[in-house]
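# Coordinate inspection notes
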Amino acid sequence: MPIKILMPQLSPTMTEGNLAKWLKQEGDAVSAGDIIAEIETDKATMEVEAVDEGKLGRIVVPAGTEGVAVNTVIALLLEEGEDAGALAATQAAPTPKAAPAPAGAGGGRVAASPLARRMAERAGLDLGALRGSGPGGRIVKADIDAALAGGAPVRAAAAVVAPAEAKAAPPPPPAPPSGARYEDMPLSTMRKIIARRLVEAKQTVPHFYLTIDCAIDRLLALRKDLNGRSDAYKLTVNDFVVRAVALALRKVPDANATWVETAIRKWASVDVAVAVALDGGLITPVVRDADHKGLAAISAEVKALAERARAGKLMPEEYTGGSFSISNLGMYGIPQFDAIINPPQAGILAVGAGEPRPVVKDGALAIATVMTCTLSCDHRIVDGALGAQFLQAFKGFVEDPLTTLL
Amino acid sequence: MADTGFDLVVIGGGPGGYVAAIRAAQLGLKTACVEREHLGGICLNWGCIPTKALLRTSEIYHLMQHAADYGFQVDNVRFDLAKVVARSRAVAKQLNGGVRHLLKKNKVTVYDGAGRLASKGKVAVSAEGAATATLTAKHIIIATGARARSLPGLEPDGKLVWTYKEAMVPAEMPKSILVVGSGAIGIEFASFYRDMGADVTVVEVLPRILPVEDEEISALARKALEKQGLRIHTGATVKALQKAKSNVTAVVEGADKKTQSLTVDRVILAVGITGNVEDLGLEGTAVKVEKGHIVTDPWFTAGEPGVYAIGDVAGPPWLAHKASHEGVLCVERIAGVKDLHSIAKSAIPGCTYCRPQVASVGLTEQAAKEQGRKVRIGRFPFIGNGKALALGESEGLVKTIFDAETGELLGAHMIGAEVTEMIQGYTVARTLETTEAELMHTVFPHPTLSEMMHEAVLAAYGRAIHI
């Protein structure tokens with residue numbers, strides 16, 4: 001019997017992916033460990049390694065297919081001694097169903113009652129992973145009750161990757177005024193995820209904003225000094241910001257938390273996500289245990305993550321989790337902006353450009369390099385005073401960067 | 001010799017039995033239906049339908065007496081009771097014939113006679129005491145329905161002490177009536193006879209009338225009926241009935257334990273019903289009977305392989321639509337239809353056709369709170385609805401109960417004109433599992449009474465427009 005190669009599940013919440021590319025063709029010999037295909041999921045492109053060896057007998061799902069459900073047979077591998085005739089047998093044989101087909105299989109919309117949808121959303125259940133028992137496989141309240149009673153995986157526990165598309169098919173785009181010329185750009189998976197998650201964040205997370213000015217002349221001087229000492233690293237202002245945020249979270253641990261409906265989950269480690277712009281989107285790779293890392297280590301890690309992100313090669317664990325994000329548009333000369341929180345995090349710091357501004361120092365007008373930072377807080381977790389304490393701590397580390405050595 | 005081998009034999013041709021038989025035939029089962037009296041059962045012949053015909057008469061009579069409100073001058077309004085009853089019987093007869101036609105059209109073989117389980121997989125049919133046929137069946141559904149319950153000392157005699165059956169075909173109009181029991185049947189007869197001019201007293205053992213309804217609705221119904229001149233004693237029991245030649249004196253013990261005597265022309269007993277479980281050949285089988293009803297699992301199996309029970313004989317709620325739905329589900333289960341859901345009792349609507357009408361589905365406010373639910377309650381009164389005022393029906397209320405956490409429509413309760421026609425809207429909403437959001441987004445036509453259903457949803461979220 002030919003070996004079935006299945007659509008792999010590359011993250012705990014992945015229910016489907018796009019088959020981006022085949023790296024082996026039908027007839028090619030395959031050894032265990034060979035990269036045979038590339039799968040594009042929510043945010044990253046990942047490689048599929050062969051587990052067995054043999055000859056790629058048939059590609060079942062062609063390259064460019066979108067929304068391939070996890071565990072779908074994507075190719076058939078012929079073992080040594082088997083010929084193409086064996087393929088027919090495989091195809092004729094009924095495919096044994098390992099598990100009941102999830103209602104979301106096939107990449108279409110998940111049929112679910114409005115009540116089931118809302119209950120799933122509240123419980124953090126992935127509708128795409130459930131089997132519906134209503135008419136036509138519709139997911140109904142009883143299915144959600146059963147899933148909750150059975151301890152089904154709950155989104156809030158780990159994943160940042162959004163669940164399978166569960167919303168109704170979108171209405172067609174509005175018709176333009178007659179004569180207007182336009183082009184509808186197809187939505188990439190990433191674009192859809194960004195759109196849904198940010199709408200969800202802005203609509204469900206009660207945001208409020210706190211802005212603070214930081215004088216960074218001493219930081220710039222220290223950066224120049226350190227960068228002059230070695231060519232092994234090239235520290236950016238943002239590296240200092242990452243370290244300052246990490247230390248401020250350590251100092252004000254109540255801000256290092258996630259809202260999980262029944263509790264406020266305080267994280268033991270300080271994992272800071274850094275927004276990285278990509279072509280057509282953005283991603284937030286995570287610097288783990290940032291409070292335990294020095295500037296050079298942070299700098300090297302952010303650089304490596306950003307490069308891998310731009311190449312679409314991040315693994316899910318590299319961009320999931322994280323308790324706090326930093327978004328820096330200083331390099332574009334933006335003096336100040338407000339960012340949208342990346343759920344389930346408690347906050348995001350929007351960092352503006354450091355620029356010379358008139359300041360009053362000791363009663364006289366002076367010039368200082370000032371960087372304006374705006375903190376967006378999830379008010380369910382962070383109240384005004386707590387957010388202010390965090391910003392104070394942050395400002396302290398930024399304005400007097402030698403204290404980050406303590 | 002007729003072919004007497006069937007996939008399914010249904011004993012009983014009421015709304016549970018005949019619907020089950022037709023559904024079975026649709027699914028390709030060779031089906032027989034055994035009925036001892038009237039196809040269509042009590043519902044169609046002696047229950048739901050003929051009483052609705054009577055209540056239409058009393059409603060029109062009421063309107064004619066208030067014709068001046070609508071600009072008519074109508075004097076000397078009288079009715080011919082014989083014609084009133086004849087109309088009700090004609091409606092029942094027409095439907096009875098319709099059921100026979102439907103069964104024939106669906107190729108269901110009808111046996112007129114009483115059915116009973118013989119040996120395993122066999123049903124014996126007899127008419128007027130003589131065996132007429134023996135049928136073999138892979139599956140047997142018992143759908144024999146129920147009859148009025150009688151209590152010790154309160155036995156009907158058919159002359160002065162009536163059950164629903166006599167109450168439906170009065171030869172002359174009683175001047176005074178005592179109705180024992182204030183469930184749907186009791187209250188409907190009370191309302192009918194009151195509107196037809198009788199002096200009516202209702203005695204209910206529980207603390208409120210229409211005891212299965214939401215407390216608030218019960219209280220409103222009581223208020224409305226008392227305003228019409230009905231006398232209601234709750235928390236009261238009838239201790240004894242002393243029959244004279246042409247009237248009955250009832251000894252009624254009130255909630256305060258004081259007794260009083262009440263002399264009336266007629267007594268109507270409406271103290272619940274009991275399943276028709278006798279002469280079914282259940283003795284020696286594994287079928288269990290408890291409190292006058294056959295015990296079943298949620299899929300209607302009655303303990304014995306291949307034997308099922310549905311409808312009134314299988315227990316409350318005693319509603320024709322519940323029996324029909326059970327019949328369909330039972331048959332679909334037998335036929336191997338996939339993805340069936342057993343009936344949630346809370347999804348079965350209930351209607352009482354008194355004036356004003358009462359209709360409800362789902363949990364009452366009290367039941368929802370007893371389940372520990374955090375609820376949101378919405379209310380909208382008929383007085384705030386344009387169509388209600390245009391109809392001259394400004395008395396009534398629509399009440400919704402939502403789960404505050406999930407927005408699930410837990411229950412809906414209505415009292416007022418035509419609410420029995422409106423409750424299906426909330427029932428559909430519950431079956432589709434809509435939340436308040438979809439109901440709010442639904443466009444209700446103007447001007448209709450149904451707008452109140454929309455407003456009652458909005459009201460639960462502090463968004464009602466017209467109050």
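Note that the structure is a prediction, hence the values are computed from the model and not measured.

The helix and strand inventory of chain B stands at 13 helices and 24 strands. Residue burial in chain B is summarised as follows: out of 467 residues, 47% are buried. Taking contacts inside chain B between residues at least 6 apart in sequence as the whole, the part at least 24 apart equals 64%.

Right, let's talk about the sheet that holds strand E22 (residues 375-381) of chain B for a bit. All names here are of chain B. In space, the five strands of this open sheet follow the order E20-E21-E24-E23-E22, with antiparallel pairing throughout. Looking at strand neighbours, the two that pair on one side only are strand E20 (350-352) and E22, the edges of this open sheet. This sheet shows a mean twist of 10 degrees between the axes of neighbouring strands, independent of strand direction. Bridging between strand E23 (residues 397-403) and strand E24 (residues 409-415) involves six bridges; their strand directions are antiparallel.

A few words on helix H6 (residues 237-251) of chain A. In a regular helix each residue adds 1.5 Å, so 15 residues correspond to 21 Å; H6 of chain A covers 21 Å between its end C-alpha atoms and thus fits that length. Where burial is concerned, most of H6 of chain A is hidden: 11 out of the 15 residues are buried.

Residue and element names in this part refer to chain A. Summary statistics for chain A give a mean pLDDT of 81 and a share of 85% for residues scoring 70 or more. Of all the helices and strands in chain A, helix H1 (residues 85-92) carries the lowest mean pLDDT, 57, while helix H9 (residues 384-399) carries the highest, 95. Taken together, the stretch residues 91-101 has pLDDT below 50 and engages in three contacts with residues farther than four places along the chain or on a different chain. Confidence over residues 152-170 falls short of pLDDT 50; this stretch has 52 contacts with residues more than four positions distant or in other chains.

Turning next to the interface of chain A and chain B. Between chain A and chain B, the residue contacts involve 10 residues of the former and 11 residues of the latter. With five residues, helix H2 (residues 114-123) of chain A is the single largest residue contributor to the side of chain A that touches chain B. For the side of chain A that touches chain B, the class distribution of residues is six nonpolar, two polar and two charged.

With that settled, consider helix H7 (residues 215-227) of chain B. Residue and element names in this part refer to chain B. Between its terminal C-alpha atoms H7 stretches 18 Å, which fits the 18 Å expected from 13 residues at 1.5 Å a residue. All of the buried residues along H7 are Ile-217, Ser-218, Leu-220, Ala-221, Arg-222 and Leu-225. Residues of H7 that are buried sit in contact with helix H6 (184-195), strand E11 (231-233), strand E21 (358-362), E23 and E24.

Attention now goes to the nonpolar core. For soluble globular proteins, nonpolar side chains are generally found buried alongside one another. Counting residues in each nonpolar core, the largest one holds 135 residues, and the members touching the most others are Val-9, Ala-20, Ile-141, Ile-142 and Val-267 of chain B. Val-205, Phe-240, Leu-314 and Val-382 of chain A belong to the second largest nonpolar core, which has 53 residues in total.

Time to look at unusual backbone geometry. Residue and element names in this part refer to chain B. The residue after Pro-316, namely Pro-317, is reached through a cis peptide bond having omega -5 degrees. Secondary-structure assignment places Pro-317 in the loop between strand E19 (307-309) and helix H8 (320-334). A cis amide bond, omega -5 degrees, links His-446 with the succeeding residue Pro-447. Tracing the backbone shows Pro-447 in the loop between helix H12 (436-441) and helix H13 (451-460).

Definitions and cut-offs
- Residues numbered from 1 in each chain as written.
- Chains lettered and ligands numbered in written order.
- Predicted model: local features only at pLDDT ≥ 70, side-chain atom pairs only at ≥ 80, totals over all residues.
- Helix = DSSP H or I, 4+ residues; strand = E, 2+ residues; numbered from the N terminus.
- Buried ≥ 20, exposed ≤ 12 C-beta atoms within 10 Å, placed from the backbone.
- Contact = placed C-beta atoms within 7 Å.
- Pairing = 2+ DSSP bridges.
- Axes fitted to C-alpha atoms, helices over the stretch in contact; angles between N-to-C directions.
- Expected span 1.5 Å × (residues − 1).
- pLDDT = per-residue confidence, 0-100.
- Nonpolar A, V, L, I, M, F, W, Y, C, P; charged D, E, K, R; others polar.
- Core = buried A, V, L, I, M, F, W, Y, C linked by C-beta atoms within 7 Å.

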